[in-house]
Amino acid sequence: MIRRTPNKPKTLTQRTRRGQEGINLIERIVLQMHSLWSPTSGIEVGIDGFIELFDRTSGEALGKTLAVQSKVKKNLANETDDGFDYYCDERDLAYWLQGNMPVLLIVSRPEDGEAYWVEIKDYFADVDRRKSRKVRFLKNDDRFNANAYGALLRIGRDDGMGLYLGPIPRDEVLYSNLLPVES
């Protein structure tokens, strides 16, 4: 005998909605940087999307991509006027640290338009920080807004890390001063 459960309507959970609000905030800020946000597919295991950096003046693709993990929080641990703490899950941290691509952890409160960021590999290069799994965000220094573009560009330009695709090929005109030789 097959038992059927009563039809339960599909619902949009508050968690799912808030998570998307965090992603929308990140995308808005990335667009203000004159760069692109690309979300991962519907199923993700630790990277919510990618920021592709473009030259702010010319719009030229720079071939620099940064991975992003978004965390939306209403209440921030140990919050003061100057900062707050975020404790990384051990599995998340291990995943973010294993590859060669820069990974940004962006913690946000979309309802207040606030977002803060840290580059995971650089931040957790310190052994004591790695053991604690704690990120101390400083609200003035770590704010994720259009002004963070320069810092993101420096992270993306490090030859030792990240996905480097190279600049877009351009046509060039070659002038030669060689004369044909006829025997």
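As a reminder, the structure under discussion sits directly above these lines.
What comes next concerns the included structure. (Residues numbered from 1 in each chain as written. Predicted model: local features only at pLDDT ≥ 70, side-chain atom pairs only at ≥ 80, totals over all residues. Heavy atoms only, no water.)

**Side note on the packing of aromatic side chains**
Reasoning step 1: According to the stated counting rule, one finds three aromatic pairs in the structure shown.
Reasoning step 2: Between phenylalanine 84 and phenylalanine 137, the ring centres sit 5.0 Å apart and the planes meet at 15°, which makes this aromatic pair stacked. Of this pair, phenylalanine 84 sits in strand β4 (residues 83-87) while phenylalanine 137 is found in strand β7 (residues 134-138), placing the two residues 53 residues apart along the sequence. Take phenylalanine 84 and phenylalanine 137: they sit in the same class, and that class is buried.
Reasoning step 3: On the numbers, 5.2 Å between centres and 75° between planes, the contact of tyrosine 123 with phenylalanine 124 is edge-to-face. We note that tyrosine 123, like phenylalanine 124, is buried. (Phe/Tyr/Trp six-rings, centres within 6.5 Å; stacked < 30°, edge-to-face > 60°. Helix = DSSP H or I, 4+ residues; strand = E, 2+ residues; numbered from the N terminus. Buried < 20%, exposed > 50% of the residue type's maximum accessible area, 1.4 Å probe, protein only.)

**Details of the layout of surface pockets**
Reasoning step 1: Considering only enclosed or pocket space, the largest pocket measures out at about 710 Å³ in volume.
Reasoning step 2: If you go around the largest pocket, you meet 25 residues; those closest to its centre are Gly19, Glu44, Asp48, Gln69 and Ser70.
Reasoning step 3: Going through the elements one at a time, α1 (14-32), β1 (36-39) and β3 (61-72) are the ones with two or more residues in the lining of the largest pocket.
Reasoning step 4: Looking at which element gives the most residues to the lining of the largest pocket, the answer is α1, with eight residues.
Reasoning step 5: Counted by class, the lining of the largest pocket contains six nonpolar, ten polar and nine charged residues. (1 Å grid on protein atoms, 1.4 Å probe; cavity = no way out; pocket = protein on both sides within 12 Å on 5 of 7 lines; lining within 4 Å. Points joined across faces, edges and corners; volume = space filled by probe spheres on them. Nonpolar A, V, L, I, M, F, W, Y, C, P; charged D, E, K, R; others polar.)

**Description of unusual backbone geometry**
Peptide bonds are, in most cases, trans, and in most cases residues other than glycine have a negative phi.
Reasoning step 1: Of note in this structure, histidine 34 is not a glycine but carries a positive phi near 65°.
Reasoning step 2: Secondary-structure assignment places histidine 34 in the loop between α1 and β1.

**Some words on the pattern of salt bridges**
Should their charged atoms come close, side chains of opposite charge can pair.
Reasoning step 1: Per the counting criterion, the structure on display carries nine salt bridges.
Reasoning step 2: For arginine 136, the salt bridge identified is with aspartate 85, shortest N-O distance 3.1 Å. In this pair, arginine 136 sits in strand β7 while aspartate 85 sits in strand β4, placing the two residues 51 residues apart along the sequence.
Reasoning step 3: Classification of aspartate 85 by relative accessible area gives buried; the value is 6%.
Reasoning step 4: When the shortest N-O distance is used, the salt bridge between aspartate 112 and arginine 109 registers 3.7 Å.
Reasoning step 5: Three or more residues are tied together by salt bridges with common partners; here these are Glu79, Arg109, Asp112, Glu114 and Lys139. (Salt bridge = Lys/Arg side-chain N within 4 Å of Asp/Glu carboxyl O.)

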